[in-house]
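What the coordinates show
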Amino acid sequence: MSLPAHFDLRDLIVESLDGIGGRPARLMLTVLGTVVGVAALVLTIGLGQTAGGQVASHFDTVAATHLEIAPQRSRGADGADHPASSFPPDAAARVAELAGAEAATLIGEVALGTASITAVPVHDPSQPEVTSPSLLAADGDLVGAVGAHVSQGRAFDSGHEARADRVVLLGAEAAQRLGIHSVTTQPSVFIGTHAYTVIGILDRTATQSRLLSAAIVPLTTARQDFGSVTADVLAVRISMGASSLVAHQAPIALDSSHPDTFVVAAASAAGDVPGEVQDDLALVFLAIGVITLLAGGFGIANVTLLSVSERQGEIGLRRALGATRRQIAAQFVLESLVVGLLGGIIGAAVGVFAVVAVAASRGWTPVLDLALTLGSAVLGGAIGLVAGAYPAARAALIEPTEALRATPGS
Amino acid sequence: MIVELRQVGREFRRGTTVRALNEVDLDLAAGDYLAITGPSGAGKSTMLNILGLLDRPTSGEYLFDGVATSGLDDRRRSALRGASIGFVFQSFHLLPGRTVLQNVMLAFVYGRVPRAERIDRATEALDRVGLTHRTDFHPGTLSGGERQRVAIARAVCTGPRLLLADEPTGNLDQANAESVMQLFDELNADGLTLVVITHDIAIAERARRRVGISDGRLTEFAR
Ligand SMILES: Nc1ncnc2c1ncn2[C@@H]1O[C@H](COP(=O)(O)OP(=O)(O)OP(=O)(O)O)[C@@H](O)[C@H]1O
Ligand SMILES: [Mg+2]
């Protein structure tokens, strides 16, 4: 008596592949669901990573071209932090003159106390209470130094500063809160009891995102109307590659005897709104991917089930030739695994292609994690494996006598 | 003894109980050539399936080559079937997508034959059934007689101890049936133990032993 049969792995693979190759047209339809599902997954992951790389490189660019200088802070006798130094009045001009510096501005917060910023002169109790925007003061080239974009009107200039004119720039958010949509009619806002003319609206900045929710007035005007104002930061835009030079020279320019009382840091980019939009889109793609993958799995299961019932005669013959139930099951499981893997590989390729195409159309650099891409292809195989389990069990349980009776072979 | 059936019975329960085999006793020695005849539904195929380890008796014992088979699990029964029993069916059961040679070689997948020997042994088997010139043909292009001879080559290429044939000439014309029966005579002359089911008395007469089955009961005809 011979030993119990062991399935030679190579025989198993050959027999399974033969079963798949027998019907190429059906194979195409069977893998379609997995292809679409895996492609959608790879596209989602790839677009996410590509956009992420894009955001990261945007952050890098901002950090390489913008510096922020602040007074060193030290703990005083009262236990609270105090600035160890203050900016000289012409700080912006001094730093802007340095080689490699392109623009500089001092920015400080103005304490409003009980006063507020409103669009109407008198307080109307019937109006809903709105939180007042904060008030900032700036000098020098504010727009240039923080990489701001003036969507309407213009920024204030050295003339406004010299005359301490009552002009105000509104961050887009602040403008919306105050109900100001246009500056063409030269609208006024009241800061405390003083009327200021709105000359421009900022809708974007590269750094200092607090500007968007604030009203910004010239530093000289602020000091005239609201008393002393302490600038907390000197924002500087520098040319690419000048970072270490300016970082070294600026503190000396500000206070040659105590340069170490200033801290220089690369600016961090203002938060990115498009990222959130991307997330919503990613969720939709992810859902499409998961749903089509499930559908693909059901497709494979169905076709394998159909194949099992069509090939009953073959199953009976294999049993007569000495196949065990396990060997029959292994053959069908491997068949659907290979179908799933095939779908996964094709889907991953389609997904990679789509990511590259989308990135190219936007002028982005495509970023895609190799392990995740290969993982998606393997996921297709796993789907096939799971989908094949039930049909394979059915095939294994068919009685050989029934199977041989079922379909006459050729 | 290659085959010993001891009071073998087989019942099918499907609503009503059908006794397809009833207390069957049979011994087959090596080199025997047995023909089984009987009306439709008498239990001939049921008996052949039990002899081929494709089905199990519901009562009695079947000893193959001295081994009681009732205690064997699926693995051992399958291994025994693959190594020691060959089948020939009325409807050939060839895989249409494979060549004649590949169809024969399928038997080696489950019969534990080393890969290096497979082509030679399959070619040899095809030579024996006179189909050397058809090795690369597909079954669809062959005559019925040729197809059945491919099936016989597949059944004998692993060197079985027992060959079971259920109506092997049922789909063949006179001439082709004759060539298949001629082949069986030769295989038996070489020592292969044969069991053939047939409703054709002329074919049954060629066997050295004849049994008839009627309502699941077996009677042996004296020669
Ligand atoms: N799987 C089964 N389930 C229920 N009854 C069965 C099954 N297989 C066979 N039978 C019954 O057992 C009896 C014997 O069947 P079997 O196939 O052995 O007859 P047979 O002699 O081969 O007939 P034929 O010459 O028509 O092939 C019949 O009554 C048949 O209906
Ligand atoms: Mg029958």
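Please read all numbers here as calculations on a predicted model, not as lab measurements.

Observations concerning the site of ligand 1
Ligand 1 sits among 14 residues. The nearest are Ser40, Gly41, Lys44, Ser45 and Thr46 of chain B. Nearby residues place ligand 1 at the junction of chains A and B. Between ligand 1 and Glu402 of chain A there is a distance of 3.5 Å, counted from a nitrogen atom to a side-chain nitrogen or oxygen. The protein chains hide 70% of the 630 Å² of surface that ligand 1 would expose on its own.

Here we look at the side chain of Asp139 of chain A
Residues and elements named next belong to chain A. The residue Asp139 is located in the loop between β6 (134–138) and α4 (142–146) in this model. For the buried Asp139, no salt bridge is present, and the opposite-charge side chain at shortest range is Arg223, 6.4 Å distant. A distance of 2.9 Å separates a polar side-chain atom of Asp139 from the backbone nitrogen of Leu106. Once you skip the residues sitting within four places of it in the chain, Asp139 turns out to touch Pro89, Ala92, Ala104, Thr105, Leu106, Glu161 and Leu219.

Regarding the UniProt feature "domain: ABC transporter" (unreviewed entry) in chain B
When the UniProt feature table is mapped onto this chain numbering, "domain: ABC transporter" (unreviewed entry) sits at residues 3–222 of chain B. End C-alpha to end C-alpha, residues 3–222 of chain B measures 19 Å, and it is 35% helix and 29% strand.

A short note on the pattern of salt bridges
Tallied over the full model, the rule gives 36 salt bridges over all chains. Close ionic contact of Arg115 of chain B with Asp11 of chain A constitutes a salt bridge, the shortest N to O distance being 3.2 Å. Highlighted residues: Arg115 of chain B in helix α4 (residues 115–128) and Asp11 of chain A in helix α1 (residues 9–21), drawn from two different chains. Under the relative-accessibility criterion, Arg115 of chain B is labelled partly exposed at 31%. By relative accessible area, which is 4% here, Asp11 of chain A ends up buried. Between Asp74 of chain B and Arg319 of chain A there is a salt bridge; the shortest N-O distance is 3.2 Å. In this pair, Asp74 of chain B sits in helix α2 (residues 74–84) while Arg319 of chain A sits in helix α10 (residues 312–320), so the two residues belong to two different chains. Look at Asp74 of chain B and you get partly exposed, because its relative accessible area is 24%.

Thoughts on the domain arrangement of chain A
When its domains are assigned, chain A resolves into domain 1 (7–59 + 274–406) and domain 2 (86–257). A straight line from the C-alpha centre of domain 1 of chain A to that of domain 2 of chain A covers 58 Å.

Notes on the packing of aromatic side chains
Enumeration over the complete set of coordinates arrives at three aromatic pairs over all chains. Centroid distance Phe87 of chain B to Phe89 of chain B: 5.9 Å. Interplanar angle 5 degrees. Geometry classified as stacked. Its relative accessible area of 8% is what places Phe87 of chain B among the buried residues. Taking relative accessible area as the criterion, Phe89 of chain B reaches 12% and is therefore assigned buried. Just above the ring of Trp364 of chain A sits the side chain of Arg362 of chain A; from NZ or CZ to the centre is 5.4 Å.

Quick word on the interface of chain A and chain B
At the interface, 33 residues of chain A touch 32 residues of chain B. Buried area between chain A and chain B, both sides added, is near 3200 Å², and the carbon and sulfur share of it is 56%. At the boundary of chain A with chain B, the tally comes to six salt bridges. When the shortest N-O distance is used, the salt bridge between Arg98 of chain B and Asp18 of chain A registers 3.0 Å. The tally of links from chain A across to chain B stands at 11 residue pairs in polar contact (both at pLDDT 80 or more). For the side of chain A that touches chain B, the secondary structure elements donating two or more residues are α1, α10, α11 (325–362) and α13 (400–406) of chain A. Looking at the side of chain A that touches chain B, the element that brings in the most residues is α10 of chain A, giving six residues. Partitioned by chemical class, the residues of the side of chain A that touches chain B number 12 nonpolar, 11 polar and 10 charged.

Some words on a nonpolar patch on the surface
Taken together, the side chains of Leu283, Leu286, Val290 and Leu294 of chain A define a hydrophobic patch exposed on the protein surface, amounting to about 370 Å² of accessible area. In this structure, Leu294 of chain A sits in helix α9 (residues 274–310).

Considerations on the sheet that holds strand β5 (residues 67–68) of chain B
All names here are of chain B. The strand order across the open sheet formed by four strands is β2-β1-β4-β5, and the pairing between neighbours is antiparallel. In this open sheet, the two edge strands, each paired with only one partner strand, are β2 (16–28) and β5. Bridge analysis of strand β4 (residues 59–64) against β5 gives two bridges, and the strand direction is antiparallel. If you follow Leu63 over to β5, its bridge partner there is Ala68. Packing against the sheet, helix α1 (residues 44–51) makes contact with β1 (3–14), β2 and β4, and its axis sits at approximately 120 degrees to β1.

Thoughts on the packing of helix α2 (residues 24–65) of chain A against α11 of chain A
Residue and element names in this part refer to chain A. Axis separation between α2 and α11 bottoms out at 6 Å; the angle between their running directions is 40 degrees. Our classification of the angle between α2 and α11 gives oblique. At the point where α2 passes α11, the crossing takes the right-handed sense. Taken together, the residues that form the contact of α2 with α11 break down as 18 nonpolar, nine polar and no charged.

Describing empty space enclosed by the protein
Applying the stated criterion to the full structure yields two cavities of 30 Å³ or more. Of the voids in this model, the largest cavity is the one considered here, and its volume is about 80 Å³. Lining of the largest cavity is provided by 13 residues; of these, Leu321 of chain A together with Ile85, Gly86, Phe87 and Ala155 of chain B occupy positions nearest its centre. Counting only elements with at least two residues in the lining of the largest cavity, the list comes to α10 of chain A together with α2, β6 (85–89) and α5 (144–156) of chain B. By residue number, the principal contributor to the lining of the largest cavity is β6 of chain B, which donates four residues. Looking at side-chain class alone, the lining of the largest cavity contains eight nonpolar, three polar and two charged residues.

Details of the side chain of Thr50 of chain A
Residue and element names in this part refer to chain A. Tracing the sequence through the fold places Thr50 in helix α2. In terms of polar contacts, Thr50 uses its side chain to reach the backbone carbonyl oxygen of Gly46, at 2.7 Å. Here Thr50 is in contact with Val355, Ala359, Trp364, Thr365, Pro366 and Val367, once residues within four sequence places are set aside.

Some words on the confidence of the model for chain A
Residues and elements named next belong to chain A. When pLDDT is averaged across chain A, the result is 86; 93% of the residues are at 70 or more. Within chain A, the element-level pLDDT minimum falls on strand β3 (residues 81–83), averaging 78, and the maximum on α10, averaging 96. Under a pLDDT of 50 for its full length, residues 1–5 has, in the predicted model, 15 contacts with residues more than four places off or in other chains. Every residue in residues 273–277 is under pLDDT 50, and counting partners more than four places away or in other chains gives zero contacts.

Some details on the confidence of the model for chain B
The share of residues in chain B with pLDDT of 70 or more is 100%, and the mean pLDDT across the chain is 95. As scored by the predictor, the complex reaches a pTM of 0.73 and an ipTM of 0.96.

Re unusual backbone geometry
With a phi angle near 55 degrees, Gln208 of chain A is a residue other than glycine that sits in the positive phi range. The phi torsion at His93 of chain B lies on the positive side, around 55 degrees, for a residue other than glycine. Tracing the backbone through its elements, the reader meets His93 of chain B in the loop between β6 and α3 (100–111). Residue classification places His93 of chain B among the buried residues on the basis of a relative accessible area of 4%.

So, how was this worked out
- Residues numbered from 1 in each chain as written.
- Chains lettered and ligands numbered in written order.
- Predicted model: local features only at pLDDT ≥ 70, side-chain atom pairs only at ≥ 80, totals over all residues.
- Heavy atoms only, no water.
- Near = heavy atom within 4 Å.
- Polar contact = N/O pair within 3.5 Å; in protein donor to acceptor, adjacent residues only side chain to side chain.
- Areas by Shrake-Rupley, 256 points an atom, 1.4 Å probe, with all protein chains shown as cover.
- Helix = DSSP H or I, 4+ residues; strand = E, 2+ residues; numbered from the N terminus.
- Buried < 20%, exposed > 50% of the residue type's maximum accessible area, 1.4 Å probe, protein only.
- Lys, Arg positive; Asp, Glu negative; His and termini not counted.
- Salt bridge = Lys/Arg side-chain N within 4 Å of Asp/Glu carboxyl O.
- Contact = heavy atoms within 4.5 Å.
- UniProt positions renumbered as here; feature names shortened; annotations may be inferred.
- Domains from an automatic or database assignment.
- Phe/Tyr/Trp six-rings, centres within 6.5 Å; stacked < 30°, edge-to-face > 60°.
- Lys NZ or Arg CZ within 6 Å of the ring centre and 35° of its normal.
- Buried area = accessible area lost by both parts, 1.4 Å probe.
- Nonpolar A, V, L, I, M, F, W, Y, C, P; charged D, E, K, R; others polar.
- Patch = residues over 30% accessible without salt bridge, like charges linked within 9 Å, V, L, I, M, F, W, Y side chains within 5 Å.
- Pairing = 2+ DSSP bridges.
- Axes fitted to C-alpha atoms, helices over the stretch in contact; angles between N-to-C directions.
- Parallel < 35°, antiparallel > 145°, perpendicular 65-115°, else oblique.
- Left-handed = near helix turned anticlockwise from the far one by under 90°.
- 1 Å grid on protein atoms, 1.4 Å probe; cavity = no way out; pocket = protein on both sides within 12 Å on 5 of 7 lines; lining within 4 Å.
- Points joined across faces, edges and corners; volume = space filled by probe spheres on them.
- pLDDT = per-residue confidence, 0-100.

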